[in-house]
Amino acid sequence: MRGTVYKSTGSWYSVKTEEGVFYNCRIKGKFRIKGIKSTNPIAVGDLVEFHLEEIGDEIVGVISHIEDRKNYIIRKSVNLSKQTHIIAANLDQVFLLITLNNPTTFTSFIDRFLVTSEAYDIPVILLFNKMDIYDADEMVEVNYLINLYRDVGYECIEIEAKGGFNIDKVKEHMIGKTSMFSGHSGVGKSTLINALEPGLELKTTEISEQHLQGQHTTTFAEMYDLSFDARIIDTPGIKGFGIVDMEKDEIGDYFPEFFKLKSECKFNNCLHLDEPKCAIKRALEENTISWSRYRSYVQMLTGEEENYRMDNYK
Ligand code: GDP
Ligand code: ZN
């Protein structure tokens, strides 16, 4: 049988078959996946094959195979620093909620998120929330950001999670897909999810920031079916979008507008810093690449502000 992992507790997996039946499954013996040093071999979102076995007086699913992942997000394991923990696999997209203020979402944070998603190979949709709270000056600023990211090629949607504005647009993007929602605490994730699917209680809302600080056990992601042929993966207590080890010379490739131009740089190993005849620097001077994107790039390259506002982010 074939199914998708909806929940994992570390030793048990809740797997849903294509017919819509849930089975409790486990894995036998050591289950290693090539190239991944992970504390958990199977994660929410994984597609697995399993068969039923009678163990004691219980019928249990035994997972025999895991299909190649199209992507996955990881974080460093809490206790074993060299190992990673796979939070979720096979995501179709992630929505990043952004507010100009209450709370402030800085462009350096957005750009870091986008770079990580590019590295993970997960499409991002930017949701500019709380469009009802901005005054005229703030509106100019928000629209500037929206245009900036649209120009780079990212889908941007203005929404009001509370008032319901453009929730149907978000829904449209979710149909037939598995999505995740991210953004600073207070940006409106719970409100949005509640608007999308009233009554769905996610754990995200139950775990307080305070509680998380002292928490050393691993929390596990969980997948939920929504009523309109969409799935979301909730990652309670997981701050950040995980980690990606990146070489200095690949960071620029995750800025799509830089990547497009890089073949025009004089040096093929150009880091777009002080090298002569750099196409990215030229585009900056000509205002076809945004300074804020370039600033974020330099910050990432030089490792400045490594934990920049990460504390507010879950
Ligand atoms: P979360 O921490 O990301 O889950 O954020 P919440 O969903 O708890 O929202 C934080 C606060 O922002 C709550 O008081 C919401 O009512 C409010 N909020 C969410 N969306 C909107 C919106 O579109 N407009 C306004 N004015 N407030 C909103
Ligand atoms: Zn260059």
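The text that follows walks through the structure, step by step, so that each part is easy to find. The structure displayed is predicted, hence computed values, not measured ones. (Residues numbered from 1 in each chain as written. Chains lettered and ligands numbered in written order. Predicted model: local features only at pLDDT ≥ 70, side-chain atom pairs only at ≥ 80, totals over all residues. Heavy atoms only, no water.)

### A look at the nonpolar core
- Membership of the largest hydrophobic core comes to 36 residues, with the highest contact counts inside it found for Ile73, Leu96, Leu126, Phe128, Tyr149 and Ile233.
- Only strand S6 (72-76), strand S7 (84-89), strand S8 (93-98), helix H1 (107-120), strand S9 (124-128) and helix H2 (136-152) provide two or more residues apiece to this core.
- Per element, the largest residue contribution to this core is 6 residues, and it comes from H2.
- Not counting residues within four places of it along the chain, the set of residues in contact with Leu126 comprises Leu96, Ile98, Ile110, Leu114, Tyr149, Tyr154, Glu155, Cys156 and Ile157.
- Leu127, Met174, Val187 and Ala230 belong to the second-largest nonpolar core, a separate cluster that totals 21 residues. (Core = buried A, V, L, I, M, F, W, Y, C linked by side-chain atoms within 4.5 Å. Buried < 20%, exposed > 50% of the residue type's maximum accessible area, 1.4 Å probe, protein only. Helix = DSSP H or I, 4+ residues; strand = E, 2+ residues; numbered from the N terminus. Contact = heavy atoms within 4.5 Å.)

### Points about the site of ligand 1
- Of all residues adjacent to ligand 1, which total 15 residues, the nearest are Asp132, Gly186, Lys189, Ser190 and Thr191.
- Note that an oxygen atom of ligand 1 is positioned 3.0 Å from one of the backbone N or O atoms of Gly188.
- In the model, an oxygen atom of ligand 1 is placed 2.4 Å from a nitrogen or oxygen of the Ser190 side chain.
- The protein chains hide 74% of the 580 Å² of surface that ligand 1 would expose on its own.
- Residues that form the shell around ligand 1 fall into these classes: 3 nonpolar, 7 polar and 5 charged. (Near = heavy atom within 4 Å. Polar contact = N/O pair within 3.5 Å; in protein donor to acceptor, adjacent residues only side chain to side chain. Areas by Shrake-Rupley, 256 points an atom, 1.4 Å probe, with all protein chains shown as cover. Nonpolar A, V, L, I, M, F, W, Y, C, P; charged D, E, K, R; others polar.)

### Digging into the pairing of strand S11 (residues 178-182)
- Burial analysis of S11 places 5 of its 5 residues in the buried class, the great majority of the element.
- A two-sided burial pattern is seen for S11, the buried positions comprising Thr178, Met180 and Ser182 on one face and Ser179 and Phe181 on the other.
- When S8 meets S11, the two strands line up parallel, connected through 4 bridges. By the bridge assignment, Val94 is partnered in S11 with Met180.
- The sheet contact formed by S11 and strand S13 (residues 231-234) spans 2 bridges and is parallel. Its bridge partner lying in S13, Ser179 is registered against Ile232. (Pairing = 2+ DSSP bridges.)

### Considerations on the coordination of the zinc ion (ligand 2)
- In this structure, Cys265 (SG), Cys270 (SG), His272 (ND1) and Cys278 (SG) serve as the protein donors to the zinc ion (ligand 2), at separations of 2.1 to 2.4 Å.
- Around the zinc ion (ligand 2), the 4 donor atoms are arranged such that angles at the metal cover 104 to 115°; this shape is classified as tetrahedral. (Donors = N, O, S within 2.8 Å, 3.2 Å for Na, K, Ca; no water. Tetrahedral: all angles 85-135°; square planar, octahedral: opposite > 155°, others 65-115°.)

### Examining the environment of Glu67
- Position of Glu67 among the secondary structure elements: in the loop between strand S5 (58-66) and S6.
- Distance from Glu67 to Arg2, taken between C-alpha atoms, is 9.8 Å for residues 65 residues apart in sequence.
- Residues contacting Glu67, with those up to four places away along its chain left out, are Arg2, Leu47 and Glu49.
- Only 2.6 Å separates the side chain of Glu67 from the side chain of Arg2, close enough to count as a polar contact.

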